[in-house]
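# Commentary on secondary and tertiary structure
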Amino acid sequence: MRDGPRTSLDLTHVLYDDSSYFSLALALVTLSPILLMASYAALAVQTREFIIIVMWAGQFAGELLNWIIKRIIKQERPIESIGNGYGFPSSHSQYMAYFASFLIAHLYSRHRFSSTGSKIVDFIWRMVVYAALLGWAGLVAYSRYYLGYHSAHQIIWGLAIGFVLGSTVYILSEAIPTRYPNSWLGRLKASILDNPIVVWLQIRDGWAIWADGGREGEWVRWRREWEAQKKTSKPKSR
């Protein structure tokens, strides 16, 4: 390597109070958003779902937007010795608010959960999922404040920007094209899905056909083949 100034890659470098298990727990929580990028990649390759790819692209766009805002505002962190770069807005808070708002909008608007047979239990389960997503986002945001990486002001703005971005990307990419398929956004989405390269990559919009994105149909097909396989593999009785 060349001689010169060095800097640290701050993705997995977190300072916390070594004497506090609570501080350690929040340090782990503050690292949890890293898992999402790997999850996006795995889901995009495995499912080839258009909405996952769009959501992933929006997440990258949010990171770029955060980078631009930080270099325009140039607001320092509350503790300048902790963390690299500027502090406004909190990128972790924005990141998680985008993720939670986009996914909740999709689950509420288009996704049908598997029914337990009870409307009350189905409703409670749906609320638990929403609360878990919001709780995760809120806990990550709080961890940035508790660990001293951001002020409350920087975190609130990060959450607000992430929420607006996530909602906007979902409305433009899913809500409007679904409700108004003949609008220019609807036609644009259709043209993307019919593009020869996209067809070759087998990218699909499962929720345009099935209320659960096709998960139950795939499971039923697998179960049918599984039962048939068990029947053919049973040893014959003498």
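- As recorded in an unreviewed UniProt entry, the protein goes by the name Dolichyldiphosphatase, listed as coming from Psilocybe cubensis.

## Regarding the overall build of the protein
- For the protein, the helix and strand inventory stands at 9 helices and 0 strands.
- Listing every helix and strand of the protein by position from the N terminus yields α-α-α-α-α-α-α-α-α.
- Projected onto its principal axes, the C-alpha coordinates of the protein cover approximately 75 × 55 × 50 Å.
- Across the 238 residues of the protein, 35% fall into the buried class.
- Long-range pairs, those at least 24 residues apart, make up 67% of the contacts in the protein with a sequence separation of at least 6.

## As for the packing of helix α3 (residues 50–73) against helix α4 (residues 91–109)
- In the contact formed by α3 and α4, the axes pass within 10 Å of each other and the chain directions differ by 150°. In terms of orientation, α3 and α4 fall into the roughly antiparallel class. When the axes of α3 and α4 are compared, the crossing they make is right-handed. Contacts from Ile51, Val54, Met55, Gly58, Gln59, Gly62, Glu63, Asn66 and Lys70 in α3 reach Ser91, Gln94, Tyr95, Tyr98, Phe99, Phe102, Leu103 and His106 in α4.
- Classifying every residue of the contact of α3 with α4 by side-chain character gives 8 nonpolar, 7 polar and 2 charged.

## What about the nonpolar core?
- Counting 28 residues, the largest nonpolar core has Met96, Tyr98, Phe99 and Phe102 as its most contacted members.
- Among the secondary structure elements, those contributing two or more residues to this core are α2 (34–47), α3, α4, α5 (119–146) and α6 (152–179).
- A per-element tally of this core places α4 first, with 8 residues.
- In this structure, Val14, Ile82, Leu147 and Tyr149 belong to the second largest nonpolar core, which totals 5 residues.

## With respect to the environment of Ser118
- Tracing the backbone shows Ser118 in the loop between α4 and α5.
- Judged by relative accessible area, which is 26%, Ser118 ranks as partly exposed.
- Between the alpha carbons of Ser118 and Ile192 there is a distance of 39 Å; along the sequence they are 74 residues apart.

## What to know about α5
- Counted at 1.5 Å a residue, the expected span for α5 with its 28 residues is 40 Å, and the 39 Å between its end C-alpha atoms agrees.
- Here the buried face of α5 lies against α1 (21–31), α4 and α6.
- At the exit of α5 stands Gly148, carrying a positive phi of roughly 90°.

## Some thoughts on unusual backbone geometry
- Each neighbour pair has its own omega, and for Phe88 with Pro89 the value is -10°, a cis peptide bond.
- Not every positive phi belongs to a glycine, and Arg48 is a case in point at roughly 60°.
- The topology assignment puts Arg48 in the loop between α2 and α3.

## A few points about α3
- The end-to-end C-alpha separation of α3 is 34 Å, in line with the 34 Å expected for 24 residues at 1.5 Å each.
- Turning to α3, its buried residues are Phe50, Ile51, Ile52, Val54, Met55, Gly58, Gln59, Gly62, Asn66, Ile69 and Lys70.
- Packing partners of the buried residues in α3 comprise α2, α4, α6 and α7 (184–193).
- Lys74 occupies a position one or two residues after α3 and carries a positive phi of about 55°.

What counts as what
- Residues numbered from 1 in each chain as written.
- Predicted model: local features only at pLDDT ≥ 70, side-chain atom pairs only at ≥ 80, totals over all residues.
- Heavy atoms only, no water.
- Helix = DSSP H or I, 4+ residues; strand = E, 2+ residues; numbered from the N terminus.
- Buried < 20%, exposed > 50% of the residue type's maximum accessible area, 1.4 Å probe, protein only.
- Contact = heavy atoms within 4.5 Å.
- Axes fitted to C-alpha atoms, helices over the stretch in contact; angles between N-to-C directions.
- Parallel < 35°, antiparallel > 145°, perpendicular 65-115°, else oblique.
- Left-handed = near helix turned anticlockwise from the far one by under 90°.
- Nonpolar A, V, L, I, M, F, W, Y, C, P; charged D, E, K, R; others polar.
- Core = buried A, V, L, I, M, F, W, Y, C linked by side-chain atoms within 4.5 Å.
- Expected span 1.5 Å × (residues − 1).

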